[in-house]
Amino acid sequence: TSLNADFSDFAASYEQALQNYYSRDFDAAIYLFSMLLETSSTHRLASNCQYWLGECYFGQGDYPMALEAFQKVLSYEQSFKRDDALIMMGRCYIFLGDKQTALSMFDQLMNEFPDSEYYQRAQQYANGL
């Protein structure tokens, strides 16, 4: 994996980071997503970078770090990943043994995003708690 990315092309570096994520090269992906956020925290893909950082940590089984990353997604006003972050936060809380908070994440997703592609999964997780 080349870590000498040209961060002036945000979208290309973002695609590279996603490729690293999908090939489970989490360390490289974390590096790239972090660098992109440092380069431009206001880019339209910035909250996506923040979200995928969470997915990387989740993939590594580092649920506290994943949770922290997903929480930051919620601080972006116009995030495309808000419902994604909520379901993943719920999943983190399950792994961390906090079913009560997990349930509130799933409830928040279902209340805020009745049309979300994750609605049914949130419902299933909630019912399983």
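Everything numeric in this text was worked out from a predicted model, so none of it was measured.

Thresholds applied
Residues numbered from 1 in each chain as written. Predicted model: local features only at pLDDT ≥ 70, side-chain atom pairs only at ≥ 80, totals over all residues. Heavy atoms only, no water. Helix = DSSP H or I, 4+ residues; strand = E, 2+ residues; numbered from the N terminus. Buried < 20%, exposed > 50% of the residue type's maximum accessible area, 1.4 Å probe, protein only. Salt bridge = Lys/Arg side-chain N within 4 Å of Asp/Glu carboxyl O.

Thoughts on unusual backbone geometry
So, step 1. A positive phi angle, near 60°, is found at arginine 24, a position not held by glycine.
So, step 2. Mapping arginine 24 onto the fold places it in the loop between α1 (10–22) and α2 (26–39).
So, step 3. Note on arginine 24: relative accessible area 58%, which makes it exposed.

A look at the environment of serine 104
So, step 1. Looking at the element boundaries, serine 104 is found in helix α6 (residues 99–112).
So, step 2. Owing to a relative accessible area of 35%, serine 104 belongs among the partly exposed residues under this scheme.
So, step 3. Each C-alpha atom of the pair serine 104 and cysteine 49 lies 25 Å from the other, and the pair is 55 residues apart in sequence.

Thoughts on the pattern of salt bridges
So, step 1. Across all of its chains, the model carries 2 salt bridges by this definition.
So, step 2. The salt bridge partner of lysine 81 is aspartate 84, with a shortest N-O separation of 3.8 Å.
So, step 3. Lysine 81 sits in the buried class, given a relative accessible area of 14%.

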